[in-house]
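# Structure at a glance
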Amino acid sequence: MVLRILGQGGIAYEPALRQFAIEFEEMTGARVEYDGQPWEQLMPKLQADLASGKPQYDMFAGDIEFQYPVYPSLLPLNDLIEKYDYDMEGFAEPVYNYGEGVSGGLEGVRFGLPIRIGASWVFYRTDLIDEFPDTWEDYDAMLAELTTDGKYGLAFAGVNVQLVKLFLARYWSQGDPLMTADWEPLINSEKGVKALTMLKNDLNHAPPCILGWDNPDASAAFLNGDVAVLEGWASFIAPDLQDPEKSQVVDKWAVAKYPENGTGNFTQHNMDIFNTTENPDAAFEFIAYATGPENAKRLLMEYEEESPRVSIWSDEDVLAEKPFLPDVAKAYAVGKPFTPGLPQWLEMFVALAEGLSSGMADQMTPQEALDGVAERWSDLIEQARPDWEYQE
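Residues numbered from 1 in each chain as written. Predicted model: local features only at pLDDT ≥ 70, side-chain atom pairs only at ≥ 80, totals over all residues. Heavy atoms only, no water.

## Overview of the packing of aromatic side chains
Aromatic ring pairs: the centre-centre distance and the angle between the two ring planes describe each pair. Tallied over the full model, the rule gives 30 aromatic pairs. Between Phe91 and Tyr96, the ring centres sit 6.1 Å apart and the planes meet at 65°, which makes this aromatic pair edge-to-face. With a relative accessible area of 5%, Phe91 lands in the buried category. Judged by relative accessible area, Tyr96 falls into the partly exposed class, the value being 30%. Geometrically, the ring pair formed by Phe123 and Trp253 is tilted, given 6.1 Å between the ring centres and 55° between the ring planes. Here Phe123, found in strand β5 (residues 121-125), pairs with Trp253, found in strand β8 (residues 253-256); they are 130 residues apart in sequence, far enough to count as distant. Judged by its relative accessible area of 13%, Trp253 falls in the buried class. Chaining the aromatic ring pairs together yields one cluster made of Trp39, Phe60, Phe66, Phe338, Trp345, Phe349 and Trp377. (Phe/Tyr/Trp six-rings, centres within 6.5 Å; stacked < 30°, edge-to-face > 60°. Buried < 20%, exposed > 50% of the residue type's maximum accessible area, 1.4 Å probe, protein only. Helix = DSSP H or I, 4+ residues; strand = E, 2+ residues; numbered from the N terminus.)

Shown next as structure tokens:
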């Protein structure tokens, strides 16, 4: 028996899944093949495979958002979870809140099991910051104070798609959803303009070339000791923080929540099964093996990946090596995904990224930039208006 997975290549859990596949074949005789593709190629390849009439994949591993347009092609897992007594305990709260279908008729239907979770972390220098501020006003004052003598308060990835998580942390901390229940964008409201203005003002506390930086550049600035705070994805920096050959901040860093309960978009990568597979039980047994409690801990400890089972983040041996994880868990508890359940999510995400980039680069005012985003969002919604209410 051969089971094939389409998934994201180059991500931290790819080598883990490849190792789990070796172990699974040793246990069962079933071979699991992983086809890792660049993130931007995943959705086109997924849709092309499903449209072929003869899908070659049994499973998919990637952002839960990729499920939204292809729900009819996925196998509901509720019965298999019960049949195999799969352990659903200990996940981060958003996995329960947002890991099931949310659109009409799909409430409570689970199509995937999470292999990883993620959201923007806030890393800070403990030798420079005694107590991390819990208001945006104090946060900005601190960044300004730490921007001096060729050093800067803040680093982040400034290319357009990476700005979204930073903007959302500032927007969601004000309490509004992205849209009304009947799908009217709120993104260009007074709170949206305030959030973009806040982010734009933070350029005053960041290296001058930051809008051209991607995640490795921002991570390097923190590792080199050039900045006091980094807002970004942990996977690009966590493996190197305590490596004295790569890091100037060994034992001089910690993780904090965003001020005022802000959160960037919470992501979960799920392992899904296509309903065309000839071996649904074997496919489920593999994803159950890969995402179960034992391998969730291996994922965290051996592969430096953000395991979705936060219950193991407080194990004694985990805390001995990663004492910062309880603070990350607190941040994740308030996490929210981007436009949950909406098939048009990717086009809307890109539209927001492009609008934010225009506003940050002074090509438009924050109001003009977000008005353009709202107009684009309305057009996208009208192309396939959902028959259910938007909710976060």
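From this point on, the discussion continues.
## Things to note about the environment of Asn224
Looking at where Asn224 falls in the secondary structure, it is placed in the loop between α8 (215-223) and β7 (227-232). A relative accessible area of 43% places Asn224 in the partly exposed class. Considered as a pair, Asn224 and Lys246 are 22 residues apart in the sequence and their alpha carbons are 8.1 Å apart.

## Some words on the sheet that holds β7
If you trace the 4 strands from one edge of the open sheet to the other, you get β6-β7-β5-β8, paired in mixed fashion. Among the strands making up the open sheet, the edge pair consists of β6 (152-156) and β8. The mean inter-strand angle of the sheet, taken between neighbouring strand axes irrespective of direction, is 25°. (Pairing = 2+ DSSP bridges. Axes fitted to C-alpha atoms, helices over the stretch in contact; angles between N-to-C directions.)

## As for the packing of helix α1 (residues 13-28) against helix α9 (residues 280-291)
Relative to each other, α1 and α9 sit at 125°, their axes nearing to 10 Å. With respect to α9, the element α1 is oriented oblique. The two elements α1 and α9 cross, and the hand of that crossing is right-handed. Contacts between α1 and α9 involve Leu17, Phe20, Ala21, Glu23, Phe24 and Met27 on the former and, on the latter, Ala282, Glu285, Phe286, Tyr289 and Ala290. When grouped by side-chain class, the residues that make up the contact of α1 with α9 number 9 nonpolar, no polar and 2 charged. (Parallel < 35°, antiparallel > 145°, perpendicular 65-115°, else oblique. Left-handed = near helix turned anticlockwise from the far one by under 90°. Contact = heavy atoms within 4.5 Å. Nonpolar A, V, L, I, M, F, W, Y, C, P; charged D, E, K, R; others polar.)

## Details of unusual backbone geometry
Residue Glu260 is not a glycine yet carries a positive backbone phi of 55°. Take Glu260: it is sitting in the loop between β8 and β9 (267-273). For Asp362, which is not a glycine, the phi torsion comes out positive at approximately 65°. You can see Asp362 is positioned in the loop between α13 (345-360) and α14 (366-383).

## Digging into the side chain of Arg309
Mapping Arg309 onto the fold places it in the loop between α10 (293-302) and α11 (316-321). The buried charged residue Arg309 lacks any salt bridge, with Asp87 as its nearest oppositely charged partner at 4.2 Å. Setting aside residues no more than four positions away along its own chain, Arg309 makes contact with Tyr86, Asp87, Glu89, Gly90, Phe91, Thr291, Gly292, Pro293 and Ala296. (Lys, Arg positive; Asp, Glu negative; His and termini not counted. Salt bridge = Lys/Arg side-chain N within 4 Å of Asp/Glu carboxyl O.)

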